[in-house]
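Each chain, letter by letter, is given below.
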Amino acid sequence: MVRIGILTVSDRAYMGKYEDLGGPAIKDWLSFNISTPFETVSKIVPDELKDICDMLTTWSDVTKCALILTTGGTGPSPRDVTPEATLAIADKVMDGFGERMRQISLKYVPTAILSRQVGVIRKETVIINLPGQPRSIKETLDELFEAIPYCVELVSGAYIDTDPDKIKAFRPKK
Amino acid sequence: MVRIGILTVSDRAYMGKYEDLGGPAIKDWLSFNISTPFETVSKIVPDELKDICDMLTTWSDVTKCALILTTGGTGPSPRDVTPEATLAIADKVMDGFGERMRQISLKYVPTAILSRQVGVIRKETVIINLPGQPRSIKETLDELFEAIPYCVELVSGAYIDTDPDKIKAFRPKK
Amino acid sequence: MVRIGILTVSDRAYMGKYEDLGGPAIKDWLSFNISTPFETVSKIVPDELKDICDMLTTWSDVTKCALILTTGGTGPSPRDVTPEATLAIADKVMDGFGERMRQISLKYVPTAILSRQVGVIRKETVIINLPGQPRSIKETLDELFEAIPYCVELVSGAYIDTDPDKIKAFRPKK
């Protein structure tokens, strides 16, 4: 069974001062669009480099997630360190993910360029930083996800497919 | 009062063999478009890594500029080292700035992709490399600037606003 | 005479299990579009970091290629290390090349964002990673090449021109 990690990075959500909306938004999106069986693991961590790195490496190396999606902590503020943590534990950086996500969000808000979201590979896990806001998460995944199942397959061998009436997962013909 | 640094990087302008056109073009653009009070500091340095690093760190750490705009030295030539200097003193790299500036300039010239311009954050200062040519500076700022006041605010707390008839500074609703 | 290196990176082509189609596709494209005299050197290496680095440095430092085009090894798979090798021997990274190539390929396939292609400068050599598939090579060069002759000229002084009925090499007026 394909395992997908959903990591919410937020001081306020971690301390319970704020309801985590990003994590559930990701889970809802996946449940609605993915047609093959999968299970999720979810967690909320504060905006601390070490906590984020620890969860990403555990979910990659031990829990064997094929895909990890993070939400939050990608802006220019001093406490925003999700990209730093993701890059710190990466084997390969996939610049195209960050570029594409900013392009997508730029259709909605000019400040999309302030996001430092990255996509990377660690061992057999694809890790992608999503925005913090539920609306932006949906806008991003609606356009980005078609390239993700093929990437996951190349990296881990795991097979994810989508409901083609909603999202058409693209796999190039060899 | 918000302080903005304007750094011209050019061997020829530094030696007086060439009039600095980039620095004044930036100052004129800011004066025309920014509606809130601000003061500028300006300097010309040669295409030397150490000189550029020294000015950027002094203007960030001592002069407390909320924003520094550089012009010149971002091409592929051996003497072009402005991006190297900017990255060397950066705390956070904002990939979206470089990507967006190349996208903007690509509407005008195919060789826009040769620019290595970057945007970074050092402490409470946003630092952005602009092109060398006055025309390209205006083309870039006309489209890019709408995202800058919000970035400056997140990083330093300083407030910059623009004349909305010219440029509409964008601030996302929380 | 301008010298151009064409490096095919592929385990299967190196072992003779697979005909090298990428290298010849690049050579054909250059012969068809470049109008000034040039000579090429070609080689097939396996997907090994050291082999790729060795060829790139030899062709840059000893053979004095003004331009090196690679094909293959830029995906997310564990054996894909062409970008790592290219970055390892680079003096300057030209982010605009990778961004632009992904933008071009994205018009054809959503999985274009999975390519980690980079463009760099080493000494007096411009080095660009192209896709592996002949069709994608042509799609990329048809749009990208207009910016390459000016880059090569700035870096090495070598002059490349194209048949303007096919591709218009762009050189900004000073």
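The coordinates are above.
Conventions and cut-offs
- Residues numbered from 1 in each chain as written.
- Chains lettered and ligands numbered in written order.
- Predicted model: local features only at pLDDT ≥ 70, side-chain atom pairs only at ≥ 80, totals over all residues.
- Helix = DSSP H or I, 4+ residues; strand = E, 2+ residues; numbered from the N terminus.
- Rg over C-alpha atoms; globule rule 2.2 N^0.38 Å.
- Buried ≥ 20, exposed ≤ 12 C-beta atoms within 10 Å, placed from the backbone.
- Contact = placed C-beta atoms within 7 Å.
- Least-squares fit on C-alpha atoms with pLDDT ≥ 70 in both.
- Pairing = 2+ DSSP bridges.
- Axes fitted to C-alpha atoms, helices over the stretch in contact; angles between N-to-C directions.
- Nonpolar A, V, L, I, M, F, W, Y, C, P; charged D, E, K, R; others polar.
- Arc of directions from axis to C-beta.
- Expected span 1.5 Å × (residues − 1).
- Left-handed = near helix turned anticlockwise from the far one by under 90°.

## Notes on the overall build of chain A
When helices and strands are tallied, chain A shows seven helices and six strands. In sequence order, the secondary structure elements of chain A are arranged as β-α-α-β-α-β-α-β-α-β-β-α-α. By the compact-globule yardstick of 16 Å for 174 residues, chain A fits well, its C-alpha radius of gyration being 15 Å. Judged by the C-alpha coordinates and their principal axes, chain A covers about 45 × 40 × 30 Å. In chain A, which comprises 174 residues, the share counted as buried stands at 52%. In chain A, 71% of the contacts between residues at least 6 apart in sequence involve partners at least 24 apart.

## Observations regarding the relation of the copies chain B and chain C
Superposing chain B onto chain C takes a rotation of 120° combined with a translation of 0.0 Å along the rotation axis, leaving an RMSD of 0.0 Å. The operation mapping one copy onto its partner corresponds to a three-fold rotation axis. For chain B, the minimum C-alpha distance to the rotation axis belongs to B:Glu99 and amounts to 4.3 Å. Interface overlap between copies: only 8% of the residues of chain B at the interface are likewise at the interface in chain C, consistent with a contact formed by different surfaces.

## Description of the pairing of strand E1 (residues 2–9) of chain A
Residue and element names in this part refer to chain A. The element E1 is largely enclosed, with a buried count of six among its eight residues. Relative to strand E2 (residues 38–45), E1 runs parallel, the two being bridged by eight bridges. Along E2, the bridge assignment pairs Arg3 with Glu39. Pairing geometry for E1 and strand E3 (residues 67–71), over five bridges, is parallel. Across the sheet, Gly5 pairs through a bridge with Ile68, a residue of E3.

## Some remarks on the sheet that holds E2(A)
All names here are of chain A. Here we have six strands laid out as an open sheet, ordered E2-E1-E3-E6-E5-E4, and mixed in their pairing. Pairing within the sheet leaves two strands with one partner each, and these edge strands are E2 and strand E4 (92–93). Of the pairings in the sheet, the one linking E3 to strand E6 (residues 125–130) comprises five bridges and is parallel in character. Opposite Thr70, over in E6, you have Asn129 as the bridge partner. Where helix H7 (residues 148–156) meets the sheet, its contacts fall on E3, strand E5 (119–122) and E6, and the angle it forms with E6 comes to roughly 145°.

## So, the relation of the copies chain C and chain A
When chain C is fitted to chain A, the residual RMSD is 0.0 Å, and the transformation amounts to a turn of 120° plus an axial shift of 0.0 Å. Counting the interface residues of chain C, we find that no more than 8% of their copies in chain A are interface residues as well, pointing to two distinct contact surfaces.

## Re the interface of chain B and chain C
The figure often quoted for interface size is the accessible area lost as the parts come together. Between chain B and chain C, the residue contacts involve 13 residues of the former and 16 residues of the latter. Its residues placed into classes, the side of chain B that touches chain C shows five nonpolar, five polar and three charged.

## What about the environment of C:Ser156?
Residues and elements named next belong to chain C. Examined against the element boundaries, Ser156 turns out to sit in helix H7 (residues 148–156). Ser156 gets classed as buried once you count the C-beta atoms within 10 Å, which come to 20. When the C-alpha atoms of Ser156 and Val2 are compared, they prove to be 10.0 Å apart, with 154 residues separating the residues in sequence. Apart from residues no more than four positions distant in its own chain, Ser156 is found in contact with Ala66, Glu124 and Thr125.

## Structural notes on the sheet that holds strand E6 (residues 125–130) of chain C
All names here are of chain C. Read across the open sheet, the six strands follow the order E2-E1-E3-E6-E5-E4; overall the sheet is mixed. Each end of this open sheet is capped by a strand with a single partner; those strands are strand E2 (38–45) and strand E4 (92–93). Here E4 pairs with strand E5 (residues 119–122) via two bridges, running antiparallel. Considered in E5, the bridge of Lys92 is made with Ile121. With respect to the sheet, helix H2 (residues 22–33) is in contact with strand E1 (2–9), E2, strand E3 (67–71) and E6, its orientation differing from that of E1 by roughly 155°. Packed on one face of the sheet, H7 meets E3, E5 and E6 and runs near 145° to E6.

## So, the interface of chain C and chain A
In this assembly, 13 residues from chain C lie in contact with 16 residues from chain A. Here the residues of the side of chain C that touches chain A are counted per class, giving five nonpolar, five polar and three charged.

## Structural notes on unusual backbone geometry
The phi dihedral of A:Lys123 falls on the positive side, at around 45°, and the residue is not glycine. Inspection of the secondary structure assignment puts A:Lys123 in the loop between E5 and E6. A:Lys123 sits in the partly exposed class, given 13 other C-beta atoms within 10 Å. In this structure, C:Lys64 is a non-glycine residue whose phi angle is positive, near 60°.

## Focus: helix H6 (residues 134–144) of chain B
All names here are of chain B. Turning to H6, its buried residues are Ser136, Ile137, Thr140, Leu141 and Leu144. Here the buried residues of H6 occupy an arc of 125° about the axis, which is enough to place them on one side. The secondary structure elements touched by the buried residues of H6 are helix H2 (22–33), strand E3 (67–71), helix H5 (95–106), strand E6 (125–130) and helix H7 (148–156).

## Here's the deal with helix H3 (residues 49–62) of chain B
All names here are of chain B. Helix length check: H3, at 14 residues, gives a terminal C-alpha distance of 19 Å against a target of 20 Å (1.5 Å per residue), a fit within 8%. Every buried residue of H3 is accounted for by Ile52, Met55, Leu56, Trp59 and Ser60. Looking straight down H3, one finds its buried side chains confined to an arc of 120°; they lie on one side. The exposed set on the far side of H3, more than 90 degrees from its buried face, consists of Lys50 and Val62.

## A word on the packing of helix H2 (residues 22–33) of chain A against helix H6 (residues 134–144) of chain A
All names here are of chain A. Contact geometry of H2 with H6 gives a least axis separation of 9 Å together with a crossing angle of 35°. Here H2 runs over H6; the crossing is right-handed. Contacts between H2 and H6 pair Gly22, Ala25, Ile26 and Trp29 from the former with Pro134, Ile137, Lys138 and Leu141 from the latter. Across the contact of H2 with H6, the residue classes break down as six nonpolar, one polar and one charged.

## Details of the pairing of E6(A)
All names here are of chain A. Among the six residues that make up E6, six are buried, leaving the element largely enclosed by the rest of the structure. Side chains of E6 alternate between two faces, with Thr125, Ile127 and Asn129 and Val126, Ile128 and Leu130 buried alike. Once E5 ends, the chain turns through two residues before running back antiparallel as E6, passing Lys123 with a positive phi of about 45°.

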